[in-house]
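# Residue-level structure breakdown
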Amino acid sequence: MSAVSSVSFSDWMAGVQAEVETALSDFLPAAGAEPAKLHDAMRYTTLGGGKRVRPLLVYASGDLFGADPAALARAACALEMIHVYSLVHDDMPCMDDDALRRGKPTVHVAYDEATALLVGDTLQARAFETLAGADTLPPARLVGMLRLLAEAAGSSGMCGGQAIDLDSVGLALNLEQLERMHQLKTGALLRASVLLGALCGKDLNADELGALQAYSKAVGLAFQVVDDILDATADSATLGKTAGKDAADNKPTYVSILGLAPSQALAEQLRREAHDALAPFGEQALRLRELADLIVQRKA
């Protein structure tokens, strides 16, 4: 495991975000390459925006296990491509029908619906192509990582959670049902981010896997709880997307089920659980702890 860095969290985070931005630009098709409209739209939506929470989790987990830098960059970019594709499809009229994402017009608004559909499809394919290029890793481990990413993105993960979300509009879900939906829709990719980062360094034993899964479960739920809080309390300019949309669309949220103050208390409880899960790693897990704090304490 690597030594705890003397670099501040903000400087570390800025460095990872800059590295990922460069890597994404390299892994995406070049601007203007045919078909130019599709490739330009892919770059438009992927580059120059977003918190890069999933790549940050990849790097923080990888740092804990001395991961190969080239493999880390590929894993981080693959996760971000899957995430961005999901946002592009999420924003389309057939889903959430939103016009603003990361502070600029959504892809179907800036281009058109057909292009937005193809951008999502192509980003998903590009994600697996990118991760498959991590040929410095043992082949068997890399195959397992590709399977993990596929499961996190598919019907047993993100897409399954989105399907439940769409079917739940106007319904009175209980807390257990809401948690299940978000463990799939949001939590699956965050878990994959933590595990893929670690697997860029080594095969995990049962104790390491259990600790990382417990951490991932806590931060995955915390991320969604805070999202629900911010949707109810922040404005569109701060969020970079349309605020208040969950209530307007009559979607079940932690705030609508628990109320605002209990949701804030739950987010703090989950932050503590994430910290506790990392106890076996000691101070070496500093970056993962700091990211749990960031996820809960963010304002956008």
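Coordinates for the structure precede this section.
About the thresholds
- Residues numbered from 1 in each chain as written.
- Predicted model: local features only at pLDDT ≥ 70, side-chain atom pairs only at ≥ 80, totals over all residues.
- Heavy atoms only, no water.
- Helix = DSSP H or I, 4+ residues; strand = E, 2+ residues; numbered from the N terminus.
- Rg over C-alpha atoms; globule rule 2.2 N^0.38 Å.
- Contact = heavy atoms within 4.5 Å.
- Areas by Shrake-Rupley, 256 points an atom, 1.4 Å probe, with all protein chains shown as cover.
- Core = buried A, V, L, I, M, F, W, Y, C linked by side-chain atoms within 4.5 Å.
- Buried < 20%, exposed > 50% of the residue type's maximum accessible area, 1.4 Å probe, protein only.
- Phe/Tyr/Trp six-rings, centres within 6.5 Å; stacked < 30°, edge-to-face > 60°.
- Lys NZ or Arg CZ within 6 Å of the ring centre and 35° of its normal.
- Salt bridge = Lys/Arg side-chain N within 4 Å of Asp/Glu carboxyl O.
- Axes fitted to C-alpha atoms, helices over the stretch in contact; angles between N-to-C directions.
- Parallel < 35°, antiparallel > 145°, perpendicular 65-115°, else oblique.
- Nonpolar A, V, L, I, M, F, W, Y, C, P; charged D, E, K, R; others polar.

### Quick word on the overall build of the protein
Helices and strands together make up the secondary structure of the protein, namely 15 helices and two strands. Relative to the 2.2 N^0.38 estimate, which gives 19 Å for 300 residues, the radius of gyration of the protein is 18 Å and therefore close to what a compact globule would have. By its C-alpha atoms, the protein is 50 × 45 × 35 Å across when sized along the principal axes. Of all intrachain contacts in the protein linking residues separated by at least 6 positions in sequence, the fraction that spans at least 24 positions is 73%. Summed over its atoms, the accessible surface of the protein is roughly 12,400 Å², and 55% of this surface lies on carbon and sulfur atoms.

### Focus: the nonpolar core
Among the nonpolar cores identified, the biggest contains 91 residues, and Trp12 and Tyr215 are the most heavily contacted of them. For this core, the element with the highest residue contribution is helix 4 (residues 69-90), accounting for 13 residues. Among all residues touching Trp12, those that are not within four sequence positions of it are Val7, Leu56, Tyr59, Ala60, Arg287 and Leu291.

### As for the packing of aromatic side chains
One pass over the full model with this rule turns up three aromatic pairs. Relative to Tyr111, the ring of Tyr44 lies with its centre 5.5 Å away and its plane at 75°, an arrangement referred to as edge-to-face. Taken together, the positions of Tyr44 in helix 2 (residues 36-46) and Tyr111 in the loop between helix 5 (107-110) and helix 6 (113-132) put the pair 67 residues apart, joining distant regions of the chain. What makes Tyr44 partly exposed here is its relative accessible area of 22%. Consider the rings of Phe65 and Phe281, whose centres lie 5.8 Å apart with planes at 85°: the pair is edge-to-face. With Phe65 in the loop between helix 3 (53-64) and helix 4 and Phe281 in the loop between helix 14 (260-277) and helix 15 (286-297), this pair connects stretches of sequence that are 216 residues apart. Here Phe65 and Phe281 have matching classes, each one buried. One cation-aromatic arrangement involves Arg54 over Phe223; the distance from NZ or CZ to the ring centre is 5.4 Å.

### Describing the pattern of salt bridges
Summed over all chains, the structure comprises 14 salt bridges. Across the pair Asp165 and Lys185 runs a salt bridge, and its minimum N-O distance is 2.5 Å. Highlighted residues: Asp165 in helix 8 (residues 158-167) and Lys185 in helix 9 (residues 175-199), separated in sequence by 20 residues. The network of salt bridges with common partners includes Glu21, Arg52, Glu80 and Arg102.

### So, the packing of helix 2 against helix 6
Helix 6 packs onto helix 2 with a crossing angle of 75° between their chain directions and a minimal axis gap of 9 Å. With respect to their mutual orientation, helix 2 and helix 6 come out roughly perpendicular. Contacts between helix 2 and helix 6 involve Lys37, Leu38, Ala41, Met42, Thr45 and Thr46 on the former and, on the latter, Thr115, Leu118, Val119, Thr122 and Leu123. Grouping the constituent residues of the contact of helix 2 with helix 6 by class yields six nonpolar, four polar and one charged.

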